[in-house]
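# Architecture at a glance
As a plain string of letters, each chain reads:
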Amino acid sequence: MESFSAIVKKELSRFPVRKKCCAQAECYGALLLGSAFRAGELRIVTSHAAFAARLPALFAEGFSFTPSEPTERNGKWLFSVTRPEQVNTVRTVFGYGAEDQPVLHLNNAMLEQECCQAAFWRGAFCSGGTVTDPVKKYLLEIVTPHHVLARELSALLHESGLEAAVGERSGVKVLALTVSEAIEDFITLMGAPIASMAVMQAKLEKEIRNSVNRRVNCDTANVDKTLAAAERLRNAIARLEHSGRMEGLPEALKETARVRVLYPEESLIQLAGRLGVSKSCLNHRLRKLAELAGQ
């Protein structure tokens, strides 16, 4: 069965490549969160076949060269660009030049338009992100080994109105969204509205289930209270009968005692209906019986 992450990435991989700037931005996100982004090689490793198949078209649209097709090995897809002139073209577009320096910073000049930011996150998530099935819990993560880059990605998310917690796990930085609304907004921003609706639906089902559980618990508590009160009244009535005082009580009190004993699980409203009196009248009679039993 496909994971929810795979479902989201499959929908994102179908997003049409409309503009050169957005193709470049998506490639940028994929490379920053990919396996290698240096002067000698550009490499992205992914377990998602649809995303791997999308990469050659993105690079062809963004940089006007035809890269090699991804290769598959042991369930992983490897996409790489190794020809020096192609690598230099990509690095120059992103403002890094031909020097063999690791890419540790985000070039915000590439992401001035909202459509390019959305494309960037699409590539970043498909390359280095995961999202948990919202039926289980709300958690979307993007992982990078570069601490400075993690802070810059967090700031970029903030520009879109999304606040990510930045933590560390096994020596890498993790950006995490843990609120359902933020995950919905982020998935929609990237271009997967169907998956976003799945998060909303899971949240709605949880709320309905929790509401039903609260109502059941409340009803159970009310039944327990009713039974406890009925038990106290039965004991009081038993004391009155055992002492012989029941026979000397007014007929209304004797009838109330009889009905309370016969229907221990019924509420006061139900008992009042049986006796043809108001709830306040019934309450008064029951208090009187308890008072007399305690004397």
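Residues numbered from 1 in each chain as written. Predicted model: local features only at pLDDT ≥ 70, side-chain atom pairs only at ≥ 80, totals over all residues. Heavy atoms only, no water.

### A word on unusual backbone geometry
Trans peptide bonds make up the majority, and among non-glycine residues the majority have a negative phi. Notably, Ser64 is not glycine yet its phi reads approximately 60°, a positive angle. Relative to the helices and strands, Ser64 resides in the loop between α3 (49–63) and β3 (71–73). A relative accessible area of 60% means that Ser64 is categorised as exposed. Positive phi, normally seen in glycine, also occurs at Asn74, with a value near 55°. For Asn74, the position within the fold is in the loop between β3 and β4 (76–81). Exposure remark for Asn74: the relative accessible area of 74% places this residue in the exposed category. (Helix = DSSP H or I, 4+ residues; strand = E, 2+ residues; numbered from the N terminus. Buried < 20%, exposed > 50% of the residue type's maximum accessible area, 1.4 Å probe, protein only.)

### Considerations on the layout of surface pockets
Leftover empty space is mapped by rolling, across the atoms, a probe with the size of a water molecule. Put simply, the largest pocket is a space of about 300 Å³. Contributing to the lining of the largest pocket are 15 residues, with Ala229, Ala230, Arg232, Arg260 and Leu268 lying nearest its centre. Secondary-structure elements contributing two or more residues to the lining of the largest pocket are α8 (193–242) and α11 (279–294). Of all the elements, α8 adds the most residues to the lining of the largest pocket, at eight residues. Residue composition of the lining of the largest pocket, by class: seven nonpolar, four polar and four charged. By volume, the second largest pocket amounts to about 190 Å³. For the lining of the second largest pocket, the elements supplying multiple residues, two or more each, are α1 (4–13) and α8. Looking at which element gives the most residues to the lining of the second largest pocket, the answer is α8, with four residues. When grouped by side-chain class, the residues that make up the lining of the second largest pocket number seven nonpolar, two polar and four charged. (1 Å grid on protein atoms, 1.4 Å probe; cavity = no way out; pocket = protein on both sides within 12 Å on 5 of 7 lines; lining within 4 Å. Points joined across faces, edges and corners; volume = space filled by probe spheres on them. Nonpolar A, V, L, I, M, F, W, Y, C, P; charged D, E, K, R; others polar.)

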